[in-house]
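# Structural description and commentary
Take a look at the letters that make up each chain.
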Number of protein chains: 2
Amino acid sequence: MFVSRSGNVVIAQGGGPAVVINASLYGIVREATRKLSGSSKIWGARGGIEGVLQERWLDLREPSEHLWKSIANSPGAALGSCRKMLSTQEAREAVRVLQKEDIRYFFYIGGNDSMDTALKMHQAASALHYELTCCGIPKTIDNDLPCTDHCPGFGSAARYIAQSAVDLGADIRALPTPVSILEVMGRDAGWLTAATLLARQDPDDAPHLIYVPERPLARESLLRDVQKIYDQQGWVVVAVSEGVKDEKGESWGAPRSEKMVDGFGHKLPGDVAFRLAGLVTSELGLRARSEKPGLLGRSCALMVSSVDRREAREVGKFGFSWAHKGHSGFMVSICRDDSRAYSIEYKAVPLSDVANLTRLFPPECLAEGGNDIKEAYRAYVEPLIGGPLLRYSRLHPSPIRPAKG
Amino acid sequence: MFVSRSGNVVIAQGGGPAVVINASLYGIVREATRKLSGSSKIWGARGGIEGVLQERWLDLREPSEHLWKSIANSPGAALGSCRKMLSTQEAREAVRVLQKEDIRYFFYIGGNDSMDTALKMHQAASALHYELTCCGIPKTIDNDLPCTDHCPGFGSAARYIAQSAVDLGADIRALPTPVSILEVMGRDAGWLTAATLLARQDPDDAPHLIYVPERPLARESLLRDVQKIYDQQGWVVVAVSEGVKDEKGESWGAPRSEKMVDGFGHKLPGDVAFRLAGLVTSELGLRARSEKPGLLGRSCALMVSSVDRREAREVGKFGFSWAHKGHSGFMVSICRDDSRAYSIEYKAVPLSDVANLTRLFPPECLAEGGNDIKEAYRAYVEPLIGGPLLRYSRLHPSPIRPAKG
């Protein structure tokens, strides 16, 4: 299929943002500005694919370079986002909107669902014989897109949650309340929760138990695990995925309401950690708290990973560059070299290999008991968080063991 | 009463820590080392007043200056903490333990309950005719100790939660999920929740509603307030205190378990924000989330306030210095000058004026509707957070208004 090598550009952002999502936007805009003639449109659609359908445009040539640099470091989707499952019919409508404006490049920055949107746009353009280059730019803190070593947004969220586990450990270790359960985002994938492994340096460091959605969590296992750690050292920090389920496949989170589904029909999980903390308190007689930073974990620019930020920008630049070379229907992928030092390159993978698929946490990195992550995972995740975590000092190697109850 | 001007020292930490709690510890140790002869003991009791009763000592002269500087910047009570309501009998036992070791200075770093402990120790020593200088060093993120302009620990926690409101606003503003409810610590006082006011710069900045425990929150008021803001601008961030109650005085937080009371009999609140988010979703049909950073808000050393850290150390130094001059039965207080620039001095107030009292958020800073904080509060809290918050940029002044439901 012939693809135009010059022309107008539309960029949109879908799904939940990450702290580096606008670095990718900036990367595309910068490269497009460099490679296209000054008369080409470089537009943003406000509010994701809905912004295309409703023709809500922003001229992305307008902001100054100074403003762009600040936008690139700002959390939250600068263009606004949506969660919309695009029908075939709507995809054709959206393509016709782009056709009307003579748009030849369409970039969608997002996660699994957004890659579905990008693919549908690619297919609709093809069916309508309209020459439109469609490109997906990966972005998800969940790290669950297939065909890429990791996803922009993940490294910063991993840094945030690992630092949070360090901080929480320092607090709980010295506290009369001996148990805290930290809830971690990531939907049905455990990548982010598993990253709390990085908080550990000394043998008794938090978190002491890590539960990911890839393994069912039985009530009895939780209680047995917590009691065991408590008996060993007198305090327990648990990291648990928001998507964790019991043996019957039921979410541990109380559903907030039947209305709580997103535009793709995904159920929005309730408070998992709160429920588990209640269980520990009532069944074991150990006072347990829960912490749930939630969206703070993907919007905290103070804890951004420098590696993640750089890669997010580069992914955008590569995406435009590859599209400009005449390719379409692809997502940018990050490939890691096998060499020992961290080194990556960018490639393109077909959107059809990516859309709607979820890459779960690898079983070989799960510890036997289903309550921990193997150290092997550290080598994967550590380079992504962009430098060492803030560490604290102790006056005494062991905590006070609080009186039970 | 004559008080010894040389002698041995015991320091302990009570209640929940703050990120600067060890700066106060360092301040006392540093001043004691300077003013006492090298043969004087400078001990820490491990695990609060229980550590005294159980004679769990740490020699605080041992750590190097290098380690001390690191400890001073570490969150979590370095000595370990407890929550114990001391009986008169136990206070006498504790004094006898100190007497056995010829301890002449007793410092207790903590909040309201800890000041009660310090006072009981002072009274017990007096009753036993043992010359013991008892000093309370204030520390609470709740900022609810009377007789002081503010409390060490509060400024950093205020910085954390205000920055969190900025971050959350940037995320939610661009998101299809239009409502987020941020739960803030602070028990029965609204000081910390009110500090989210600092997140606001532009007229539509988060948080849009602020609920503190000093005013009852009726179900209908919440729903009306959220709907109104949503109708105006299409997204809503709410800051709510963990201690907020309904018109009948019932906590909005579901009690986790009847067992969830601390050593002082205080009920530990459940998830307020989670319940309110459920209400908004089911009653208004607006998808609402909740975020509850919990203990992360008092243990995040990355967001420490430089002002708070300095004052925490100085409060410790002043405490020792004042005690060394022969005073006893006091808490160190921070007094703010009336002059325009931020300027403070340290004073001593009788522990009997402080113990067990809670200084609630001032009614004159509450907005009429009970759903906001007056701008006047900004002048009070802004100097305490130690510099401006991290601010972000926008591509477009107004967010996409998401389709309702």
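All of the points below concern the structure found in this document. Since the model is a prediction, treat every value here as computed from it, not as a measurement. Residue numbers run consecutively from 1 along every chain, following the written order of its sequence. Whichever chain is written first becomes A and whichever ligand is written first becomes 1, with later ones labelled in order. Per-residue local features are limited, in this predicted model, to residues with pLDDT of at least 70; the limit for side-chain atom pairs, both in listing and counting, is 80 or more; totals at the level of whole chains, interfaces and linings are taken over all residues. In computing side-chain properties, one takes all heavy atoms of the structure into account and sets aside hydrogens as well as water.

## A look at the overall build of chain A
For clarity, the cut-off: Segments assigned H or I by DSSP are reported as helices when at least four residues long, segments assigned E as strands when at least two residues long, and all are numbered from the N terminus. Relative accessibility thresholds used throughout: buried, under 20% of the residue-type maximum; exposed, over 50%; partly exposed, between the two (1.4 Å probe, protein chains only). Residue contacts follow a heavy-atom distance rule, with two residues in contact if any of their heavy atoms lie within 4.5 Å. To measure how exposed things are, a 1.4 Å probe is used in the Shrake-Rupley method; for residues, cover is taken only from the protein chains shown.
When helices and strands are counted, chain A shows 12 helices and 11 strands. Seen through its principal axes, chain A has C-alpha atoms that stretch 75 × 45 × 35 Å. Put simply, chain A has 405 residues, and 67% of those count as buried. If you take every contact in chain A between residues at least 6 apart in sequence, the share linking residues at least 24 apart comes to 77%. Roughly 14,000 Å² of accessible area belongs to chain A as shown, and the carbon and sulfur atoms make up 49% of that amount.

## Focus on the packing of helix α8 (residues 219-233) of chain B against helix α9 (residues 272-284) of chain B
Residues and elements named next belong to chain B. What counts is decided by this rule: For helices, the fitted line uses only the C-alpha atoms of the stretch in contact; every axis is such a line through C-alpha atoms, and the angle between N-to-C directions lies from 0 to 180 degrees. Any angle that is under 35 degrees is reported as roughly parallel, and any over 145 degrees as roughly antiparallel; angles of 65 to 115 degrees are reported as roughly perpendicular and all others as oblique. The handedness criterion is simple: a crossing whose near helix is rotated anticlockwise from the far helix by less than a right angle is left-handed, and one whose near helix is rotated clockwise is right-handed. Here the term charged refers only to Asp, Glu, Lys and Arg, the term nonpolar to Ala, Val, Leu, Ile, Met, Phe, Trp, Tyr, Cys and Pro, and the term polar to all other amino acids, Gly among them.
As a packed pair, α8 and α9 sit with axes 10 Å apart at the nearest point and diverge in direction by 70°. As the angle between them shows, α8 and α9 are arranged roughly perpendicular. For the crossing formed where α8 meets α9, the hand is right-handed. Contact residues: Arg 219, Leu 222, Leu 223, Val 226 and Gln 227 in α8; Leu 276, Leu 279, Val 280, Glu 283 and Leu 284 in α9. For the contact of α8 with α9, the per-class residue count stands at 7 nonpolar, 1 polar and 2 charged.

## Comments concerning the pattern of salt bridges
To keep it simple, the criterion reads: Here, a salt bridge means any side-chain nitrogen of Lys or Arg that lies within 4 Å of a carboxyl oxygen of Asp or Glu.
Counting across every chain of the model gives 44 salt bridges over all chains. A single salt-bridge network, built from bridges that share partners, covers Glu 31, Arg 34 and Lys 35 of chain A.

## Some remarks on the sheet that holds strand β9 (residues 288-291) of chain A
Residue and element names in this part refer to chain A. To keep it simple, the criterion reads: Here a strand pair is declared whenever DSSP counts at least two bridges between the two strands.
Pairing is parallel across the open sheet formed by 4 strands, whose spatial order is β7-β8-β6-β9. What marks the edges here is a single partner per strand, and that holds for β7 (209-211) and β9. The average undirected angle you get between the axes of adjacent strands in this sheet is 20°. Where strand β6 (residues 179-184) and β9 come together, 4 bridges link them in parallel fashion. Bridge pairing links Val 179 to Ala 288 in β9. Helix α6 (residues 154-172) contacts β6, β8 (236-241) and β9 of the sheet and is inclined by roughly 170° relative to β6. Where helix α8 (residues 219-233) meets the sheet, it contacts β6, β7 and β8, and its direction lies at approximately 160° from that of β7.

## Digging into the sheet that holds strand β3 (residues 57-59) of chain A
Residues and elements named next belong to chain A. Taken in spatial order, the 7 strands make up an open sheet running β3-β2-β1-β4-β5-β10-β11, and their pairing is mixed. Both outer strands of the open sheet, β3 and β11 (344-350), are each paired with one neighbouring strand and no more. Averaged over all pairs of adjacent strands, the angle between their axes in this sheet comes to 30°, without regard to strand direction. Both strand β2 (residues 42-45) and β3 contribute to a ladder of 3 bridges, which runs antiparallel. Pairing of Ala 45 across the sheet is with Trp 57, part of β3. Its contacts with the sheet place helix α5 (residues 112-127) against β4 (103-110), β5 (133-138) and β10 (330-336), and it is angled at close to 160° to β4.

## What about the pairing of strand β1 (residues 8-13) of chain A?
Residue and element names in this part refer to chain A. Test applied: When the strands point away from the viewer and the connection leading from the first strand across the helix to the second strand turns clockwise, the crossover is called right-handed.
For β1, the buried fraction is high: 6 of the 6 residues fall into the buried class. Here β1 shows two buried faces, one formed by Asn 8, Val 10 and Ala 12 and the other by Val 9, Ile 11 and Gln 13. As paired elements, β1 and β4 share 6 bridges and run parallel to each other. The residue bridging Ile 11 from the neighbouring strand is Phe 107, located in β4. Pairing analysis gives 3 bridges linking β1 to β2, with the strands arranged parallel. Looking at β2, one finds that Val 9 is bridged to Ile 42. Handedness of the β1-helix α1 (residues 21-35)-β2 crossover: right-handed.

## So, unusual backbone geometry
Cis geometry is found at the peptide bond from Ala 206 of chain A to Pro 207 of chain A, where omega equals -5°. Position of Pro 207 of chain A among the secondary structure elements: in the loop between α7 (191-194) and β7. The phi angle at His 129 of chain B is positive, at roughly 55°, despite the residue not being glycine. Positionally, His 129 of chain B belongs in the loop between α5 (112-127) and β5 (133-138). Backbone geometry places Cys 147 of chain B, a non-glycine residue, at a positive phi of 65°. As for its position among the elements, Cys 147 of chain B is in the loop between β5 and α6 (154-173).

## Brief notes about the nonpolar core
So the rule is basically this: The criterion is simple. A nonpolar core is a set of buried Ala, Val, Leu, Ile, Met, Phe, Trp, Tyr and Cys residues joined through side-chain atoms within 4.5 Å.
Judged by nonpolar contacts, the single largest core of 104 residues is most densely connected at Tyr 377 of chain A together with Tyr 377 of chain B. Non-local contacts of Tyr 377 of chain B, meaning those with residues more than four positions away in its chain, are made with Phe 154, Trp 191, Ala 194, Ala 195, Leu 197, Phe 361 and Cys 365 of chain B.

## Notes on the packing of aromatic side chains
All names here are of chain A. For the record, the criterion: Here the aromatic set is Phe, Tyr and Trp, taking the six-membered ring for Trp, and pairing holds for ring centres within 6.5 Å; pairs whose planes are under 30 degrees apart are stacked, those over 60 apart are edge-to-face, and all others are tilted.
All chains considered together, the criterion is met by 25 aromatic pairs over all chains. Centroid distance Tyr 377 to Tyr 380: 5.6 Å. Interplanar angle 20°. Geometry classified as stacked. Here the residue Tyr 377 and the residue Tyr 380 both occupy positions in helix α12 (residues 376-381), the gap between them amounting to 3 residues, near one helical turn. In terms of burial, Tyr 377 and Tyr 380 fall into one category: buried.

## A look at the relation of the copies chain A and chain B
To be explicit about the condition: To superpose the copies, least squares is applied to the C-alpha atoms of every residue with a pLDDT of at least 70 in both.
Once turned by 180° and shifted 0.0 Å along the axis, chain A lies on chain B with an RMSD of 0.0 Å. Such values leave the two copies arranged in the relation of a two-fold axis. Relative to the rotation axis, the C-alpha of Pro 293 of chain A is the closest in chain A, positioned 2.1 Å from it. A symmetric contact is evident, with 100% of the interface residues of chain A recurring at the interface of chain B.

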